[in-house]
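The chain contents come next:
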Amino acid sequence: MKITVEQDKCVAAGQCAATAPDVFDQRDEDGVVVLLTDDPPAELADDARDAAAVCPALAIHIAQ
Amino acid sequence: MSDAPTGAATRSAAEVPEWPMPRAEGCPFDPPPALRELTAEKPLARVRIWDASTPWIVTGHAEQRSLLGDPRVSVDERLPGFPHWHEGMAAAVDYRPRSVFNSDAPEHTGFRRIMTRPFTFKRVEALRPTIQKITDDPIDTMLAGPKPADLVEALALPLPTLMISELLGVPYEDHDFFQENAARGIAHNVSAEESMRTFGALNEYLVRLVERKAAEPADDALSDIAALVTSGDISVSEAAMMGTGLLIAGHETSANMIGLAVVALLEHPGQLALLRDTDDPKVVAGAVEELLRYLGIIHGGQRRIAKEDIEIGGEVIRAGEGIIVELFSANRDAHVFPDPDVLDLRRENARHHNAFGFGIHQCVGQQLARVELQVVYGTLFRRIPTLRLAEPLDRIQFKHDRLAYGVYSLPVTWK
C-alpha cells in the first residue's frame, strides 16, 4: 500500500484522523492532514481505505 | 406570433413542483414522498422555489458527492441565478461579508484554515470530560425537577450551546439573545426586513465581542480569530461573520440532533436497547453515525450554482443554473444504504452519509458534534432507562418550517 496526501486540498474536516488515527494525524495549528505512515501494516489497511473514501476534499490517494 | 412555444413554456413551468415539499403525515422521519416520486427515475430534477426560479434538486448520493467535490460548482451567492433559501438571504447578499459560506477555493481555503484549529479530532477528544459534565449536570437538574420536563429546554439546547459558547468565548448568559436570533434566521420563509434585523443584531453582537477579545485576549477561539484582525489578516466584519457562523452552526444543529434522536429511539425500543446496554465506545460511535444518516436534520437543501455546463445523472446542468443539494435524500439512497428507511444502529457503512455535506464546505465542527452526540446518547438512556414521551407522537411539534429539522419541544417523563 502506498498512501499520498495533498495538504493544499485538505479542509481539516478530521475524518481521516477519526477513522484511522494510527495512519493520519492533523497539524496542530490548522488541522491540515499529516501522514504518519505511507505504508501502513495490513491490519490498518481497511481503515486507511475508509479514511480515503470519507475524505470530503478527496485529498487522500491510495495505490496498491 | 409565437403563442405555442410561450404556452408550452408556461405549462411546463407550472408542472415543476414547488420546493420545499412537506413530509408525509405520520412519517416525521422520512423525506417528502413527492420528492422521492420526482427523483425516482433520475437522481436530479427541477423544482420551483420562492422566487419562481427552477433550479435543479439533486438527491442521489453519488451525484451529490460528485457535484459537491466539483470546482465548477460554486457557493458564490452573488452570481445571478443563485438559488437562495429565502427572500431574506437574497436581500442581504450585499451586506454579508465574504466567508467560508459564500466563497470558493482558493479564497475559501484562507477562511477555512482560520476556523478549523479548535475542531481537530484530538482537541475535540480532549473536551470529552467537559462534555460529559455539561451532559450530566442538566440531567441531574431535570431529574430533580418536575415531571414531565421539556427535554429540548432541559438538555438538547443547553448542552451544545454551553459547549460552543465556552469554546468560542461567548458569554453563555447571552444565550437567549443569540438562540432566538439564530432560530429566526433559519426559518424557511424569512422576509428581507426580518433577515436584516436578525443578521444585523447577531453581527453587531459579534463585532463588539471580537473588539473586546482583541483588546483583552482570553484562551478561546474568538480571541485567536480577533488576533488576526489585530495583525491585519482579516477585517472585523470577516471575523464577526466567522464567529456568527460557528455560534449558530455550533448549537442549533446538535440541539436538533439530540431532540430528534430521542424521539426516534423511543419509537424504536429495540435499537434504543442496543445503545443503552452497551459500554463499547465503538457501538456508540456507530449509533451516532446511523442517527446522523437516518435523521437528516439538514433538509432544506444546500445551495450552489453551476459555473460551467455539467453532465450528471443523465442530465446537463447549464452554466448559471441553480443547484439544490438535498443532503437528507442521499442518506436514504438505496444504492449506498440497503433498506435505507430502516434505523439500524449496527449499519456498517453508516459513516458514508452526507449529513455533514461533502466537498470543501463539509461541516467544520463535525468532530465536536460527534463527541457531543456520543456522550449524550451514551449517557441519557443509561441515566434514565425509563425515559418516555409524555405525549403521543402525533402531538409533538416538528420543525417542518425550518432549514434544520428537529422538534420545538419534547415533553418527556420517567419513573
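Going along each chain's sequence as written, the residues are numbered from 1 onward. Key to labels: chains lettered from A, ligands numbered from 1, both in the order written. Selection of residues for local features in this predicted model requires a pLDDT of at least 70, selection of side-chain atom pairs for listing and counting requires 80 or more, and totals for whole chains, interfaces and linings are taken over all residues.

Under an unreviewed UniProt entry, chain A has the name Ferredoxin and belongs to Streptomyces hokutonensis. UniProt positions are given in the numbering used here, feature names are shortened, and annotations may be inferred rather than shown by experiment. Regarding chain A, the UniProt comment filed under Cofactor (unreviewed entry) reads as follows: "[3Fe-4S] cluster". UniProt lists a comment for chain A under the heading Function (unreviewed entry), and it reads "Ferredoxins are iron-sulfur proteins that transfer electrons in a wide variety of metabolic reactions."

Draft legend 1. Structural context of the interface of chain B and chain A. Contact between two residues is assigned whenever their backbone-derived C-beta positions fall within 7 Å. Between chain B and chain A, the residue contacts involve 17 residues of the former and 15 residues of the latter. Secondary structure elements are defined from DSSP: runs of H or I of at least 4 residues count as helices, runs of E of at least 2 residues count as strands, and each element is numbered from the N terminus. Contributing elements (two or more residues each) for the side of chain B that touches chain A: α5 (107–116), α6 (121–126) and α17 (366–383) of chain B. Among the elements that take part in the side of chain B that touches chain A, α5(B) stands out by supplying three residues, more than any other. Classification used: nonpolar for Ala, Val, Leu, Ile, Met, Phe, Trp, Tyr, Cys and Pro, charged for Asp, Glu, Lys and Arg, polar for all others including Gly. Considered class by class, the residues forming the side of chain B that touches chain A number four nonpolar, eight polar and five charged.

Draft legend 2. Molecular detail of the sheet that holds strand β1 (residues 44–46) of chain B. All names here are of chain B. Pairing between two strands is assigned when DSSP locates at least 2 bridges connecting them. Strand order across the open sheet formed by five strands is β1-β2-β8-β5-β3, with mixed pairing between neighbours. Of all strands in the sheet, those with a lone pairing partner are β1 and β3 (73–74), marking the two edges. Sheet analysis places strand β2 (residues 56–58) next to strand β8 (residues 322–325), joined by three bridges and oriented parallel. The partner of Val58 across the bridge, within β8, is Val325. Together, β1, β2, β3, β5 (302–306) and β8 form the strand contacts of helix α3 (residues 61–68), whose direction differs from that of β8 by roughly 125°. Axis definition: a line fitted to C-alpha atoms, over the contacting stretch in the case of helices. Angles run 0 to 180 degrees between N-to-C directions.

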